[in-house]
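What follows is each chain in one-letter form.
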Amino acid sequence: MFNERSVSSVLACLLLAAASAGAQDGGLAARLALLAKASGAEVAVAMRTLDGKEEVLLDAGVSFHAASTMKVPVMIELFRQAEAGLLSLDRKIAVVNRFRSIVDGSPYSLSAGDDSEAELYRGEGQERTYRELCELMITVSSNLATNVLIETLGVDRIRATVAALGASGMDVRRGVEDNRAFQAGQNNTTTANGLLALLEAIARGRAVSEPASREMVEILKRQRFNDGIPAGLPPGTAVAHKTGSITRIQHDAGIVYAPRPYVLVVLVRGLEDGTKANALIASIARTVDAAVGGRRPAPRE
């Protein structure tokens, strides 16, 4: 995505914006654009500090397959319905593994071998609380937990909540592993801007209510896949984030609790090697944090 012409265009735009946005923003965006170009991947970045003073947007309106980042709006809708009294997070519901394609209504099931979490499959026919399913969906990215929740919450309601939060770039159409829909090109998609809007709403306590948003932050902090954004940050930095990966897709999006907190979204498409994609995300996170994280320079010896 970043060829010579596009990088030159980015740099030109940064020079025009420098007078009003400040040289630091322009310098950071230019460095990120060069990292993206050097990687050979298609990369989108959206960053905004929670004090509202700085942001960087690189191809932030470009649509990507959402992979598991679409689980963030599912979580938000779960907490919204709990806040509205439509359900209790501690209520138990049956674990089922039979869903219907949005294309033709044909049934399909998920495979533990294709999921990042297998224990829930052994609980098919048993019951789990909404809270337990949400924990599995976010922290270990359980596809089965996600589909069980979507069946109950409703795609239309999830979409309405996304729209109400101004995150139009996030397009949730269906559950996970609906192969007929995938073949028909009916996929969940997102932009970096869309995820930025959702995570910023959580960070500011506006996604549902302040208590609900705080609880969602704590769930996101328990994320177990930490090879992207957290890997690029100083040890001990708290990150409330959600990853997403499928073939040639690697994303990470989160709230970084640096001395100066910020939201960072990095979407990567086109790298076969997930390790290299995560290394790129970590490098972008390191570059962003050094510029806007508000950390004191290390003392010289």
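Residues numbered from 1 in each chain as written. Predicted model: local features only at pLDDT ≥ 70, side-chain atom pairs only at ≥ 80, totals over all residues. Heavy atoms only, no water.

(A) Highlighting the overall build of the chain. What the chain contains, in helices and strands, is ten helices and eleven strands. Against the globule reference of 19 Å for 301 residues, the chain gives a C-alpha radius of gyration of 19 Å, in line with a compact fold. Seen through its C-alpha atoms, the chain measures out along the principal axes to roughly 60 × 40 × 40 Å. Going through the 301 residues of the chain one by one, you find that 53% of them count as buried. Considering only intrachain contacts with a sequence separation of at least 6, the fraction spanning at least 24 residues in the chain is 68%. For the chain, the exposed area adds up to about 13600 Å²; of that, 49% sits on carbon and sulfur atoms. Distance between charge centres in the chain, computed from 34 positive and 34 negative side chains, equals 2 Å. (Helix = DSSP H or I, 4+ residues; strand = E, 2+ residues; numbered from the N terminus. Rg over C-alpha atoms; globule rule 2.2 N^0.38 Å. Buried < 20%, exposed > 50% of the residue type's maximum accessible area, 1.4 Å probe, protein only. Contact = heavy atoms within 4.5 Å. Areas by Shrake-Rupley, 256 points an atom, 1.4 Å probe, with all protein chains shown as cover. Lys, Arg positive; Asp, Glu negative; His and termini not counted. Charge placed at Lys NZ, Arg CZ, Asp CG, Glu CD.)

(B) How the structure looks around the confidence of the model for the chain. Overall, the prediction assigns the chain a mean pLDDT of 92, with 90% of residues at 70 or greater. Taken as a whole, residues 1–24 scores under 50 in pLDDT and shows 31 contacts with residues more than four places along the chain or in a different chain. (pLDDT = per-residue confidence, 0-100.)

(C) Structural detail: the pairing of strand E2 (residues 55–58). Residues of E2 alternate between two faces, with Val56 and Leu58 buried on one and Glu55 and Leu57 left unburied on the opposite face. Turn length for the strand E1 (residues 42–49)-E2 hairpin, with the two strands adjacent in sequence and antiparallel, is five residues, and the turn residue Gly52 shows positive phi of about 75 degrees. (Pairing = 2+ DSSP bridges.)

(D) Representation of the sheet that holds strand E9 (residues 238–246) within the structure. Pairing is antiparallel in the open sheet, where five strands are placed in the order E2-E1-E11-E10-E9. Each edge of the open sheet carries a strand with a single partner, namely E2 and E9. Adjacent strand axes in the sheet meet at a mean angle of 10 degrees when their direction is disregarded. Examined bridge by bridge, E1 and strand E11 (residues 262–269) share eight bridges and lie antiparallel to one another. Among the inter-strand pairings, Val43 is bridged to a residue of E11, identified as Val268. Across the sheet, helix H9 (residues 210–221) touches E9 and strand E10 (249–257), and the angle it forms with E9 is around 65 degrees. Across the face of the sheet, helix H10 (residues 274–292) comes into contact with E1, E10 and E11 while running at roughly 150 degrees to E11. (Axes fitted to C-alpha atoms, helices over the stretch in contact; angles between N-to-C directions.)

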